[in-house]
Each structure stands twice: as structure tokens, then as C-alpha cells.
Amino acid sequence: EPEVTQTPSHQVTQMGQEVILRCVPISNHLYFYWYRQILGQKVEFLVSFYNNEISEKSEIFDDQFSVERPDGSNFTLKIRSTKLEDSAMYFCASSEAWTTAYEQYFGPGTRLTVT
Amino acid sequence: DQQVKQNSPSLSVQEGRISILNCDYTNSMFDYFLWYKKYPAEGPTFLISISSIKDKNEDGRFTVFLNKSAKHLSLHIVPSQPGDSAVYFCAASRNYGGSQGNLIFGKGTKLSVKP
């Protein structure tokens, strides 16, 4: 069964460093998303991406964040200068089409630890 | 801002009995509701969904009920199995102004099914 994959599974970085989280969505999916879950809190929407541009972003997704689909398979989330409060699980998700856009399939997550 | 609320952080049920997980929402503009299941160290897994134009959707052992007037939905699992033990997230989405359906999650309910 096709699945969303994410690398690395765990990333440790120092405050102020740049990190890139990588995702490979399901191959025939057209809509891509990043969510995060701070320990003990809700899963929160960060950004959605379609047709090589951001469709929607939350207040969390400030200028320190960017997303990119550098090739036909990868979808990345970059945090330019990490802060301690960026420590969280980051989930990538994808969905097939607009009519089923709500049924999003999630990857296993990347645990980001900022020290 | 708790637009989606799951007021029970945990639920314990005997194998073979019914599990009922509840979810309340405040935003009447939500038009699609989903349930996700999450095991430790994995991403959320899509379980079942319901459109706001329906009041019930069934898929095998899982049934979701929607009461729009009460802004309440519930997930019924019957019969419950030990493998159903996981955290269950309620999520909602609204389709407006080109929104690509970002999901708004509840905090989750941890279901334990005891043999």
C-alpha cells in the first residue's frame, strides 16, 4: 500500500541552525501539507501546497518557514533559524485531489529537537 | 482557540464491547469531519469521515454520527478489539475561499481495549 515517507525520523539541532525536513508524498497525490505536534498538544496545521505554490498557511508558518517541491517526488519544510519552541513532531501529509482533499494521509513524522 | 474539542482524554473498554468516542466543535462553517487513529511513533492514520450533509457514515466496525444542531460527532467502534487501542483524533475542515482543507484537530482520546 502506498504511504507517505519522511526523513529523518529524528533531527537534533542547535538553536539558530537551519533544518530541512523531507517528505515523499504518495505518488499520485496533488495536495501536500505540513503539520506539527508539540509534545502534549494538538496536531496543528502549518501549510498546504498545491501546483507548486502555497495554498494556505497558518499563523505559525512565519518567515522562518518555507516549503518546496524541488523535484517530482520530494516535498520539504525548511526552518531557517530554529528556536527552542520549534521542538515538535512534524508530520507531512498528502491527498489525492480536491474532491477528496480532506482525506489526508500522514507520514510517520520527524521529531525535531532544538537544543 | 479550541474549535474542535475532545473532552475525554482517555477511555477504557472491554474487548467485544462498544467504544464511543465523542467530539464537539464550535465553528458552524465546518463541512467535513474526520477521525484519525494514531499509534505511538507513527503518524495519524485516516479512519473514517463524514460530510456535513450526512448524519451517519459506516465502514465495517466503525460508524461516525454527526449531530449538526448540537455540533457534536461521535465514533462508535463495535466490537472493540485490543488492536484498536490507540489515540483517536477528531478533525474538522471547512471549504471556503479556495481553502485546501487544512485540518483542525482535537486533542485526542486515548482508547484502551482490554482483553
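As the structure is a computational prediction, the values presented were derived from the model and not from experiment.

Draft legend 1. Examining the side chain of S52(B) more closely. Residue and element names in this part refer to chain B. In this structure, S52 sits in the loop between strand 5 (45–51) and strand 6 (56–59). Look at S52 and you get buried, because its relative accessible area is 14%. Among residues more than four places away in sequence, those in contact with S52 are F30, D31, F33, L66 and K68.

Draft legend 2. Fine view of the nonpolar core. Judged by nonpolar contacts, the single largest core of 24 residues is most densely connected at F33(B), W35(B), L73(B), L75(B) and Y88(B). Counting only elements with at least two residues in this core, the list comes to strand 3 (19–25), strand 4 (32–38), strand 5, strand 7 (62–67), strand 8 (72–77), strand 9 (86–93) and strand 11 (109–114) of chain B. Element by element, the count of residues in this core is highest for strand 9 of chain B, at four residues. Excluding residues that lie within four positions of it along the chain, F33(B) makes contacts with Y25(B), I48(B), S49(B), I50(B), S52(B), L66(B), L73(B), A91(B) and A92(B). Counting residues in hydrophobic clusters, the runner-up holds 21 residues, among them I26(A), F32(A), L46(A) and F65(A).

Draft legend 3. Region of interest: the state of the cysteines. All names here are of chain A. Per the counting criterion, the structure on display carries two disulfides over all chains. One disulfide bridge connects C23 with C92, the sulfur atoms lying 1.9 Å from each other. Taking the torsion about the sulfur-sulfur bond, which here is approximately -65°, the covalent link between C23 and C92 counts as left-handed. Within this pair, whereas C23 is found in strand 3 (residues 19–24), its partner C92 is found in strand 9 (residues 88–95), the two being separated by 69 residues in sequence. Judged by its relative accessible area of 0%, C23 is buried.

Draft legend 4. Structural context of the interface of chain A and chain B. Contacts between the two partners involve 20 residues from chain A, matched on the other side by 28 residues from chain B. For the chain A and chain B pair, buried surface summed over both sides reaches about 2000 Å², with 59% attributable to carbon and sulfur atoms. Those elements that place two or more of their residues in the side of chain A that touches chain B are strand 4 (31–37), strand 5 (43–50), strand 6 (53–57) and strand 10 (105–106) of chain A. Classifying every residue of the side of chain A that touches chain B gives 12 nonpolar, five polar and three charged.

Each value, and the rule that gives it
Residues numbered from 1 in each chain as written. Chains lettered and ligands numbered in written order. Predicted model: local features only at pLDDT ≥ 70, side-chain atom pairs only at ≥ 80, totals over all residues. Heavy atoms only, no water. Helix = DSSP H or I, 4+ residues; strand = E, 2+ residues; numbered from the N terminus. Buried < 20%, exposed > 50% of the residue type's maximum accessible area, 1.4 Å probe, protein only. Contact = heavy atoms within 4.5 Å. Core = buried A, V, L, I, M, F, W, Y, C linked by side-chain atoms within 4.5 Å. Disulfide = S-S within 2.5 Å. Buried area = accessible area lost by both parts, 1.4 Å probe. Nonpolar A, V, L, I, M, F, W, Y, C, P; charged D, E, K, R; others polar.

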